[in-house]
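What follows is the residue order along each chain.
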Amino acid sequence: MKKAVIYMLLLMLLIPLCGLACGCKEEEIVLDNEIAEELQKEGVLQEMKAILAQFREALQELLFSTPRLAHDKNLKIIDQAVELYRIVEGKDPRSIGNEGEAGTLVGDGYLESPPRIPAGLYEEEGEWSAYTLKGKPLRAWPVGDWGGYRDGDRL
């Protein structure tokens with residue numbers, strides 16, 4: 001509760017910077033060379049960039065769009081689809097699968113498409129490039145090392 005109030009106050013104080021924070025990249029911040037050098041020397045520019053990064057993160061958390069939250073939501077959706085598959089079909093699905101692939105969550109209509117790993121976590125290859133089903137009980141992976149949905153497996 002306290003964290004939410006702090007974020008709301010931060011949002012209200014920084015709302016005029018919202019457009020800048022959401023659409024401006026660090027390399028797009030352009031200052032006069034003399035001013036930029038002076039700010040660089042005093043470390044002000046780094047502080048401004050750090051504050052901007054914190055504001056972006058706070059804004060994303062307020063809007064529930066962080067990669068961690070999206071990842072947890074994907075895990076919950078896949079786990080619920082697995083449970084529904086078990087109830088209806090009486091067995092475990094083979095995998096998340098693809099359109100038309102029988103015996104899978106997507107192929108048998110329990111999911112519209114395989115959920116994608118959020119951009120903040122995605123890797124070109126390896127365990128962070130797609131979700132898979134594994135474990136006993138059958139669950140969706142990969143997971144992060146944060147205290148998210150997998151801590152206690154609560155739906």
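Before reading on, note that the structure itself is shown above.
Remember, predicted model here, so these are calculated numbers, not experimental data.

Rules and cut-offs
- Residues numbered from 1 in each chain as written.
- Predicted model: local features only at pLDDT ≥ 70, side-chain atom pairs only at ≥ 80, totals over all residues.
- Heavy atoms only, no water.
- Core = buried A, V, L, I, M, F, W, Y, C linked by side-chain atoms within 4.5 Å.
- Buried < 20%, exposed > 50% of the residue type's maximum accessible area, 1.4 Å probe, protein only.
- Helix = DSSP H or I, 4+ residues; strand = E, 2+ residues; numbered from the N terminus.
- Polar contact = N/O pair within 3.5 Å; in protein donor to acceptor, adjacent residues only side chain to side chain.
- Patch = residues over 30% accessible without salt bridge, like charges linked within 9 Å, V, L, I, M, F, W, Y side chains within 5 Å.
- Areas by Shrake-Rupley, 256 points an atom, 1.4 Å probe, with all protein chains shown as cover.
- Salt bridge = Lys/Arg side-chain N within 4 Å of Asp/Glu carboxyl O.
- Lys, Arg positive; Asp, Glu negative; His and termini not counted.
- Charge placed at Lys NZ, Arg CZ, Asp CG, Glu CD.

A. Quick peek at the nonpolar core. Ile78, Ile96, Leu105, Leu111 and Leu133 are the most contacted members of the largest nonpolar core, which has 19 residues in total. The dominant element in this core, judged by the number of residues it contributes, is helix α5 (residues 67-89), at 5 residues.

B. Inspection of the side chain of His71 at higher detail. Within the secondary structure layout, His71 lies in helix α5. Among the polar contacts listed, one links the side chain of His71 to the backbone oxygen of Pro142, at a separation of 3.0 Å.

C. Up close: the environment of Pro114. Mapped onto the elements of the fold, Pro114 is located in the loop between α5 and β1 (132-134). As a C-alpha pair, Pro114 and Asn98 span 16 residues in sequence and 6.8 Å in three-dimensional space.

D. Broad picture of unusual backbone geometry. The peptide bond linking Lys136 to Pro137 adopts the cis configuration, its omega dihedral lying at -5 degrees. Cis geometry marks the peptide bond from Trp141 to Pro142, where omega comes out at 10 degrees. Looking at where Pro142 falls in the secondary structure, it is placed in the segment after β2 (139-141).

E. Seen up close, a negative patch on the surface. On the surface, Glu34, Glu37, Glu38 and Glu42 cluster together to form a negatively charged patch. In this fold, Glu37 is placed in helix α3 (residues 33-42).

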